[in-house]
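# Structural characterization, general
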Amino acid sequence: MSKKVVVLGSINVDTTYHVDRFPQPGETISAKSKSSAPGGKGANQAVAAARSGAKTAFIGAVGSDSEGQYMLEALKDNDVDIHHITVDKYHGTGTAAVTLDAEGQNDIMIYGGANQAMTPELVADIDDILDDADFLISQFETPQDVTLAAFKKAKEHGVTTILNPAPAHEIIPDLLKVTDVIAPNESECALLTGIPVTDEDAMLKSAEYFHKQGVKHLLITLGSKGVFYATPDQHGLVPAFKVHAVDTTAAGDTFIGALSSQLEDDLSNVADALVYAQRASSLTVQEMGAMPSIPTADKVKAALAEK
């Protein structure tokens, strides 16, 4: 049976500037080309879940502008339920300026707009989509107090909550108390815990840190080294798939969304689900753009069959 995933998060229009290298401070360089595509961490994660077969709904906000209409259509076209996306008359749709170098690395500047103007009142009436949901996912491109309110409702409905603390900054303590799974990358994990991610012992100490805050499950994405996971019953490292990356935008978002489409509520199949998510992410980085590069379940399964 398909998983039902609800994503609370950001919706952005991404504009990518393709350059040979990143500029130095004060330097002006020429971009080789420019392209725009639908994106935002929340929107990317929702599309990744939907393309991997999950029944997916979204909670978020866009502006009453052409970018907002564009994003609503993009999500709808990807079979994401948009009934809980608010149209904000006072703030523009979120945008992101992405600089992408010849090695496939990027840096990103974000205008939050309607994403950052969200308030807890916007999640007051989400019980209908939580009734039969398996997972509620959120990130940090929308206000934490909104996520806290939504996660509290999720716990009332027995829904497993997944927090992707990106971009990382101090977390409201009460939010961790209603978080079941936290999924930072290694730099985010170190920033949040104060423990440098140097080896397995350090990662287990990070898991202990989060466990004391109320989070039972930790996933640390380690780039080319794979993903470390720690649950109350087991821990381990799932290796990454070695590929040539041309654009790392949305790699982490694809990982989270694809993972949620495969994971059991109790994380009993966490290792297998992580393999699937890693493979999905490895396909994303081989294509240009954020949302356009996210693979379907058929593509992921075919790639897994190839090994």
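Residues numbered from 1 in each chain as written. Predicted model: local features only at pLDDT ≥ 70, side-chain atom pairs only at ≥ 80, totals over all residues. Heavy atoms only, no water.

The protein is annotated in an unreviewed UniProt entry as Ribokinase from Limosilactobacillus pontis. Note on the protein: under the UniProt heading Pathway (unreviewed entry), the record states "Carbohydrate metabolism; D-ribose degradation; D-ribose 5-phosphate from beta-D-ribopyranose: step 2/2." Per UniProt, the protein carries the Catalytic activity (unreviewed entry) text "D-ribose + ATP = D-ribose 5-phosphate + ADP + H(+)". (UniProt positions renumbered as here; feature names shortened; annotations may be inferred.)

Running from amino to carboxyl end, helix H1 (residues 41-51) crosses helix H8 (residues 251-262) at an angle of 40°, the nearest separation of the two axes being 7 Å. As judged from the angle between their axes, H1 and H8 are oblique. When the axes of H1 and H8 are compared, the crossing they make is right-handed. On H8, the residues that touch Lys 41, Asn 44, Gln 45, Ala 48 and Ala 49 of H1 are Asp 253, Thr 254, Ile 256, Gly 257, Ala 258, Ser 260 and Ser 261. Taken together, the residues of the contact of H1 with H8 sort by class into four nonpolar, six polar and two charged. (Axes fitted to C-alpha atoms, helices over the stretch in contact; angles between N-to-C directions. Helix = DSSP H or I, 4+ residues; strand = E, 2+ residues; numbered from the N terminus. Parallel < 35°, antiparallel > 145°, perpendicular 65-115°, else oblique. Left-handed = near helix turned anticlockwise from the far one by under 90°. Contact = heavy atoms within 4.5 Å. Nonpolar A, V, L, I, M, F, W, Y, C, P; charged D, E, K, R; others polar.)

Next up on the list: the layout of surface pockets. In this structure, the largest pocket spans a volume of roughly 1200 Å³. Lining the largest pocket we find 40 residues, and of these Asn 185, Thr 248, Ala 250, Ala 251 and Gly 252 sit closest to its centre. Of all the elements in the fold, those that place two or more residues in the lining of the largest pocket are strand E2 (12-18), H1, strand E7 (106-111), helix H6 (186-193), H8 and helix H9 (270-284). With five residues, the top contributor of residues to the lining of the largest pocket is H8. Class assignment of the residues belonging to the lining of the largest pocket gives a composition of 17 nonpolar, 16 polar and seven charged. (1 Å grid on protein atoms, 1.4 Å probe; cavity = no way out; pocket = protein on both sides within 12 Å on 5 of 7 lines; lining within 4 Å. Points joined across faces, edges and corners; volume = space filled by probe spheres on them.)

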